[in-house]
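An overview of the molecular structure
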Amino acid sequence: DRVSTQSTGASSSINQPPMKNQAILLLVSFAFVLVLSAYNQGPTDYFSSSDADSLVKMVLAKKDKGIFQNNIGDTHYAVKIIKQLKGTYDDKTVCDFAVKGLKGDIESIYHSAQVIQTAGCSLKIAPEETAQTINKALQSDSLLDYYHAVTSYFSLGKPASVSGDSIRSVVHKLIDLQDEDQETFKRTPTQKEGSIFYTGLAFTALSKLYGLASPDDQGLINGVLENIPNLLSLSEADDDTLHFSHQDNTISRLRTTYAIVQGILDLSEALGAGAQFDAEKVIQLANYFVQQKYTNSISEAHAFLFGLLACNHYPQLKPVVLSLVRGSIQTSAKGEEGHVKVRVTDVFGQAVPTTSVFLIRASHQNASSDLTILSNQELKATSDPTVFSLNFLATKPEPRLYVMNFRVTPKNSTQTIEAVRSIKVVASIKVEDVVLVVSDRYEDDSTETKKFALEYNQKLPEVVRVESDQSLVLSFKIKSVVSNRAIAVHQASVRFTHLLTGEDVYFNVKPSLSRSYKFSVILEKTSHLFHNRSGEYRISLIIGDAFIDNSFEWDLGSVFLSVEGEQVPVKPTRGPKPPINHLFRQPAPRPPMEVSIAFTFAVLAPILVLLIGFVILGTVNLSNFPSGVNAVFATGFILSLVGIIFVYYLYWVKLNLFQALSYVGILSIPVVFFGNRTLKFLALKRISSEKTHTD
């Protein structure tokens, strides 16, 4: 089959399927989506041990003399992160810093108390001023103060000097801050609407107060829990994730989402109410938190890590992650190297007790259909409790991308996880039956004059001459090294390079239905592509594909093309470009000189009138001019203004804009200083004069 040639930059085209086949493919794909929607799609990524090491390194890099960014808040978050991930830090330095923080404001006390509790610092009794600050915060009208005070009270072991009645009264104060319309909580009573972030903090505070509350107050807290389904409707879904936003975006989405998730978990645990999220929302939240694992902020890292821990709290709702151990397989692989291996873990990369892992369907798409090559296969457990394996190469797959639908059934779980992953099968190829033919006619090969059969990496034995009335035909086959079956590659092209000018001419080669390649250059029809330039050309065969591991460029040798017609000049591709001449807009004509002079005199006329007035009066009234040291300030003020006016003159004459601005900026300093002193003197003098006149 003769393939028509295409010039440089042309890409191989794919035959479009008939409309009927497209409709069938659409229906099949739609039905497949419906089947997938019946199951929960697990998270696509997890927080691995290497991720944990990177996070700890990031946090420790912000440490200075044992303290994190010299800030008790960042130190609090850093200690919790490092403690959770089994890292190390300077206990004594951190504890000393935290104890000092107990003498600060309520926020410092909150962070210090968290550090003391997490690090296990030795503290017999909280300082009296700490208790006083907590009591004062309990009397404020700020939800943030209530949260800090209540949490500090419990973290410090319920200091006796903190009023128990004041602690219990916070329940009513928090309930009063609830927005009746949205059922969120406001920071202060004066705010118009509540916030998801402050709602999460309120939930955490109420969970700590529940055990101290009276039965009536416990009933109020139970009523708050009943509103959680309405709060979840305020979430924002994005692809496979779920998150919450603060009302004015002054607090990040990550911290807001963590606050509400942790608050709901704390409150439901305190009330013994069980999980408030369904499995789908837990997976969406876990997806969101995992996507935030690459952060350079300690507070954001804390929100990410403990938000993900909250998603992993309930065993029956624990998100299950199915990930591929390898994203590609070599067709030449031996033993288990040719197996599809999947890792089944929780969001922290830990093993999940699993009943079964099934490959429901492995398929690929061609031009007209979605082909299934394997279905309903159970993966076998390996020595690694997180890894399951299937011998996929037993199906002798062709090199291409395969879509695999897995189903995981964890133990002790009410959910079945469905996960769709893609795996690439890569093959090594070989080129066979390479034949180059020079023919007097291009309709067939019956009049061939020269024929060369080549092996891979072999060159033509001579410079083959092709006359203007002849055609050059190159045919070859590409086969898999393992299966010896003919395959079609994404890119197969032939390049002609003129040895004198260095010009390249490319032709794409398309496979036939039998997956054999045949390419012809008919000089009568393609001479314009060579710019009608005869001469010796080096011919190269270029094969490339995303699914082969040995793409190559093969130098076949040289051919001499005898092309008729007028040659097209060679356009240089390197070196200096020809100059570009711009034609700017002609400036508008200036007015006559007489008009400019008249305008200048008109502008200077007020000064002339002033001088004439001085001459007529015979004197200048300087009675209001300051005396003493104030005269120095007034003189400096006037001279500074004169200097700025002089800079304006210089700008008109010779300075550019940036020079003028720099000089004006320097002169503005004395103008402000002397002007302030002068105007202050005049104001005081005026006030004194008015007072004297009144008396």
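Our subject is the structure listed above.
What you see is a predicted model, and the numbers here were worked out from it, not measured in a lab. (Residues numbered from 1 in each chain as written. Predicted model: local features only at pLDDT ≥ 70, side-chain atom pairs only at ≥ 80, totals over all residues. Heavy atoms only, no water.)

Some thoughts on the overall build of the chain
Secondary structure assignment for the chain yields 18 helices and 23 strands. The C-alpha radius of gyration of the chain comes to 41 Å, more than 25% above the 26 Å expected for a compact globule of 695 residues. Each of the 695 residues in the chain was classed as buried or not, and the buried ones make up 43%. The contacts in the chain between residues at least 6 apart in sequence include a share of 69% that link residues at least 24 apart. Split by element, the accessible area of the chain, about 38,300 Å² in all, is 55% carbon and sulfur. (Helix = DSSP H or I, 4+ residues; strand = E, 2+ residues; numbered from the N terminus. Rg over C-alpha atoms; globule rule 2.2 N^0.38 Å. Buried < 20%, exposed > 50% of the residue type's maximum accessible area, 1.4 Å probe, protein only. Contact = heavy atoms within 4.5 Å. Areas by Shrake-Rupley, 256 points an atom, 1.4 Å probe, with all protein chains shown as cover.)

A few points about the layout of surface pockets
One way to see where empty space is left: roll a probe the size of a water molecule over the atoms. Here the second largest pocket defines a volume of roughly 760 Å³. For the second largest pocket, the lining is made up of 35 residues, of which H76, Y77, Y110, Y147 and L201 are closest to its centre. Breaking the lining of the second largest pocket down by element, the ones donating at least two residues are α3 (72-84), α5 (106-119), α7 (143-155), α9 (196-209), α12 (253-271) and α14 (298-311). Residue classes in the lining of the second largest pocket are distributed as 13 nonpolar, 15 polar and 7 charged. (1 Å grid on protein atoms, 1.4 Å probe; cavity = no way out; pocket = protein on both sides within 12 Å on 5 of 7 lines; lining within 4 Å. Points joined across faces, edges and corners; volume = space filled by probe spheres on them. Nonpolar A, V, L, I, M, F, W, Y, C, P; charged D, E, K, R; others polar.)

Considering the sheet that holds strand β12 (residues 387-390)
One open sheet holds the 4 strands; their spatial order is β6-β8-β12-β11, and the pairing between them is antiparallel. Of all strands in the sheet, those bounded by a partner on one side alone are β6 (321-324) and β11 (380-381). With 4 bridges joining them, strand β8 (residues 340-345) and β12 adopt antiparallel strand pairing. Bridge pairing in β12 places R343 opposite V387. (Pairing = 2+ DSSP bridges.)

Observations concerning the state of the cysteines
Summed over all chains, the structure comprises 1 disulfide. Between the sulfur atoms of C95 and its disulfide mate C121 the distance is 2.0 Å. With the S-S dihedral at roughly -80 degrees, the linkage between C95 and C121 falls on the left-handed side. One end of the pair, C95, is in helix α4 (residues 91-101); the other, C121, is in the loop between α5 and α6 (128-138), and 26 residues separate them in sequence. C121 matches C95 in its accessibility class, with the two residues each being buried. (Disulfide = S-S within 2.5 Å.)

Observations concerning the nonpolar core
Core analysis: the largest hydrophobic core is formed by 100 residues, its most contacted members being F47, F203, F289 and L308. Beyond its immediate sequence surroundings of up to four residues, F203 is in contact with F185, V224, I228, L231, I260, G263, I264 and L267. Counting residues in hydrophobic clusters, the runner-up holds 39 residues, among them I429, F452, L454 and F530. (Core = buried A, V, L, I, M, F, W, Y, C linked by side-chain atoms within 4.5 Å.)

Comments concerning a negative patch on the surface
Together, D440, D469, E524 and E564 give the surface a local cluster of negative charge. Among the secondary structure elements, E564 is positioned in the loop between β23 (552-561) and α16 (593-617). A relative accessible area of 59% means that E564 is categorised as exposed. (Patch = residues over 30% accessible without salt bridge, like charges linked within 9 Å, V, L, I, M, F, W, Y side chains within 5 Å. Salt bridge = Lys/Arg side-chain N within 4 Å of Asp/Glu carboxyl O. Lys, Arg positive; Asp, Glu negative; His and termini not counted. Charge placed at Lys NZ, Arg CZ, Asp CG, Glu CD.)

Notes on the pairing of strand β18 (residues 471-480)
Counting buried residues in β18 gives 8 out of 10 residues, a clear majority hidden from the surface. Two strands pair when backbone bridges link them, and strand β15 (residues 429-439) and β18 are joined in this way by 9 bridges, in the antiparallel orientation. Looking across to β18, one finds that V431 is bridged to I478. When β18 meets strand β21 (residues 516-522), the two strands line up antiparallel, connected through 7 bridges. Each bridged residue has a counterpart across the sheet, and for L472 the counterpart in β21 is V521.

A few points about the sheet that holds strand β17 (residues 464-466)
Reading across the sheet, the 5 strands line up as β17-β23-β22-β19-β20 and stay open at both edges, with mixed pairing between neighbours. Only two strands of the sheet have a single neighbouring strand rather than two, namely β17 and β20 (504-508). Averaged over all pairs of adjacent strands, the angle between strand axes in this sheet comes to 30 degrees, irrespective of strand direction. Looking at chain direction, β17 and β23 are connected through 3 bridges and run parallel. Of the residues in β23, the one forming a bridge with R465 is F560. (Axes fitted to C-alpha atoms, helices over the stretch in contact; angles between N-to-C directions.)

Considerations on helix α13 (residues 279-291)
Under the 1.5 Å per step criterion, the end-to-end length of α13 is 18 Å for 13 residues, consistent within 8% with the ideal 18 Å. When we look at burial in α13, the residues that qualify are A279, V282, I283, Q284, L285, A286, N287, Y288, F289 and V290. (Expected span 1.5 Å × (residues − 1).)

Considerations on a nonpolar patch on the surface
On the surface, a cluster of nonpolar side chains totalling about 680 Å² of accessible area is made up of F599, V603, L604, I607, L610, L611 and F614. Of note, L610 is situated in helix α16.

Structural notes on the packing of α9 against α12
The N-to-C vectors of α9 and α12 enclose an angle of 25 degrees; their axes lie 7 Å apart at closest approach. Relative to α12, the element α9 is oriented roughly parallel. The two elements α9 and α12 cross, and the hand of that crossing is left-handed. For the pair α9 and α12, contact is made by I196, F197, T199, G200, F203, T204, L206 and S207 and by R255, T256, A259, I260, Q262, G263, I264, D266, L267 and A270, respectively. The residue makeup of the contact of α9 with α12, split by class, is 9 nonpolar, 7 polar and 2 charged. (Parallel < 35°, antiparallel > 145°, perpendicular 65-115°, else oblique. Left-handed = near helix turned anticlockwise from the far one by under 90°.)

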